[in-house]
Amino acid sequence: MAIDTIGGREYYTNAVTLALTASYVDVPSNTKALLLLNTDAHEWKFPSGVEVTMTGVANQVVNIVPEQIKRSSSTGNVVLLF
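Reading guide: rules and limits
Residues numbered from 1 in each chain as written. Predicted model: local features only at pLDDT ≥ 70, side-chain atom pairs only at ≥ 80, totals over all residues. Heavy atoms only, no water. Helix = DSSP H or I, 4+ residues; strand = E, 2+ residues; numbered from the N terminus. Polar contact = N/O pair within 3.5 Å; in protein donor to acceptor, adjacent residues only side chain to side chain. Pairing = 2+ DSSP bridges. Buried < 20%, exposed > 50% of the residue type's maximum accessible area, 1.4 Å probe, protein only. Salt bridge = Lys/Arg side-chain N within 4 Å of Asp/Glu carboxyl O.

1. Some details on the side chain of H42
Here is step 1 of the chain: With respect to the helices and strands, H42 occurs in strand β4 (residues 41–45).
Here is step 2 of the chain: Reaching out from H42, the side chain makes a polar contact with the backbone oxygen of D40 at a distance of 3.1 Å.

Spelled out as structure tokens, the structure:
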């Protein structure tokens, strides 16, 4: 699934860079949104166990927040917005 635009009027007061690899890492429950830094594919895992591959647009804020996230291949970063 490719993400192009997602709306929202959330305000963020903090940002933390999260390093990603091909292994899942936890996303803190107080995360309001993700800032995708590039167009690489990410695997998002939700509390129900559903895993979805998302490919974003570079420098895009997405207000869909999974329980865990990983890169589909290689390594990279995503920014968590609080």
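2. Comments concerning the pairing of β4
Here is step 1 of the chain: Bridge analysis of β4 against strand β5 (residues 51–55) gives five bridges, and the strand direction is antiparallel. Bridged to K45 within β5 is E51.
Here is step 2 of the chain: The turn linking β4 back onto β5 is made up of five residues, and G49 within it adopts a positive phi angle of 100°.
Here is step 3 of the chain: Note that β4 and strand β7 (residues 68–71) share four bridges and pair antiparallel. Paired with K45 across the strands is Q68, a residue of β7.

3. Structural notes on the pairing of strand β3 (residues 33–36)
Here is step 1 of the chain: Neither face of β3 is left uncovered, since the one carrying A33 and L35 and the one carrying L34 and L36 both have all their residues buried.
Here is step 2 of the chain: Here β3 runs beside strand β8 (residues 76–81); their pairing, made up of four bridges, is antiparallel. Looking at β8, one finds that L36 is bridged to V78.
Here is step 3 of the chain: In terms of strand pairing, β3 meets strand β6 (residues 60–62) through three bridges, oriented antiparallel. Residue pairing in the sheet places L35 in a bridge with V61 of β6.

4. With respect to the pattern of salt bridges
Here is step 1 of the chain: With the rule as written, the count across this model stands at one salt bridge.
Here is step 2 of the chain: A salt bridge links R71 to D40; the nearest nitrogen and oxygen atoms lie 2.4 Å apart. Highlighted residues: R71 in strand β7 and D40 in the loop between β3 and β4, separated in sequence by 31 residues.
Here is step 3 of the chain: Note on R71: relative accessible area 2%, which makes it buried.
Here is step 4 of the chain: Among the residues examined, D40 registers a relative accessible area of 31% and is labelled partly exposed.

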